[in-house]
Amino acid sequence: MLAEGPTTQAVLSRDGTPIACERRGQGHPLILVDGALCSRTMGPSGPLAKALEGNFTVFRYDRRGRGDSGDTAPYAAEREVDDIEAVLQAAGGEAFVWGMSSGAMLALTAATRLPGISKLALYEAPLVVDDSRETTQGDWATIRAAIAEGRRGDAVTAFLRSVGMPGLLIAFMRLTPIWRKLKAVAHTLPYDGAIVAGDQLGKTLDPARWASVRVPTLVTDGGKSPLWMQHGNKALAEALPNARYRTLAGRNHMLKPTAHAPVLTAFFNGRE
């Protein structure tokens, strides 16, 4: 059966913010939640959606403040859960959900509130649970100050340094067209900080926090990712009531859709 072509619509979040949403493919609904600086026109969710559309009806959306979505002030992380709820209703009220990086923590938070999430897959939630890397309080403070002062490029640079990108690569990116796109959504970096900063303090995770998340959950990371990332995701899987943990050999934080799609398809279809 041929997959349907993509269609787009605006769904309204609880506070009236329009959220731009794309639907493509056929099968059980699956919502993709992007990480920092990503949107429907930039990042891995587009190629991943195409790799999954033969097995699922894939919904992906611009997180608030990005792309064609609105950005009602003041920001609160809870409003981003409301955004996922709006997409969930557009999907029929029940769906699988996948999230990456800060989007993984957002998806997990949504699963504590939204009963329509029936399965959950998380890739490389950026958790710092021990001393395998420095904490990030100073990084997020630098990012917030740069945004407040209108220095979007400096905010992007601070974020990329914080996640471990080499300085030479950042300098090269500044010379490419992608830099303008990154700066265009840089004002949303503090939003991601609001979602993840509290879990980047080098502290042990509290399982009671997610005791209500009893849906089957797949927590994955990359075999080439740094130890702090692997430690954090292993700890997360152990803290969740119904989770399995898997490291994808040869992968890192730069998601490769062709490597991830078979893993996600097997998990969501109950073959793993």
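What counts as what
Residues numbered from 1 in each chain as written. Predicted model: local features only at pLDDT ≥ 70, side-chain atom pairs only at ≥ 80, totals over all residues. Heavy atoms only, no water. Helix = DSSP H or I, 4+ residues; strand = E, 2+ residues; numbered from the N terminus. Buried < 20%, exposed > 50% of the residue type's maximum accessible area, 1.4 Å probe, protein only. Polar contact = N/O pair within 3.5 Å; in protein donor to acceptor, adjacent residues only side chain to side chain. Contact = heavy atoms within 4.5 Å. Pairing = 2+ DSSP bridges. Salt bridge = Lys/Arg side-chain N within 4 Å of Asp/Glu carboxyl O.

Draft legend 1. Representation of the side chain of Glu-85 in the model. The topology assignment puts Glu-85 in helix 2 (residues 77-90). Assessed through its relative accessible area of 17%, Glu-85 is described here as buried. For Glu-85, the side chain forms a polar contact with the side chain of Arg-14, separated by 2.7 Å. Leaving out residues up to four positions away in the same chain, Glu-85 has contacts with Arg-14, Arg-113 and Leu-114.

Draft legend 2. Inspection of the pairing of strand 7 (residues 217-222) at higher detail. With 6 of its 6 residues buried, strand 7 lies for the most part within the structure. Alternating positions in strand 7 separate into two faces, Thr-217, Val-219 and Asp-221 on one and Leu-218, Thr-220 and Gly-222 on the other, with burial throughout. Pairing geometry for strand 6 (residues 117-123) and strand 7, over 4 bridges, is parallel. Bridging from a neighbouring strand, Tyr-123 pairs with Thr-220 of strand 7. Pairing analysis gives 6 bridges linking strand 7 to strand 8 (residues 243-248), with the strands arranged parallel. Bridge pairing links Thr-220 to Arg-246 in strand 8.

Draft legend 3. Representation of the pattern of salt bridges within the structure. Under the criterion given, the structure shown has 20 salt bridges. The closest approach of N and O atoms between Asp-68 and Arg-40, which form a salt bridge, is 2.9 Å. Within this pair, whereas Asp-68 is found in the loop between strand 4 (56-61) and helix 2, its partner Arg-40 is found in the loop between strand 3 (28-33) and helix 1 (45-52), the two being separated by 28 residues in sequence. Among the residues examined, Arg-40 registers a relative accessible area of 15% and is labelled buried. Close ionic contact of Arg-64 with Asp-83 constitutes a salt bridge, the shortest N to O distance being 2.7 Å. Here Arg-64 is found in the loop between strand 4 and helix 2, whereas its partner Asp-83 is found in helix 2, with 19 residues between them in sequence.

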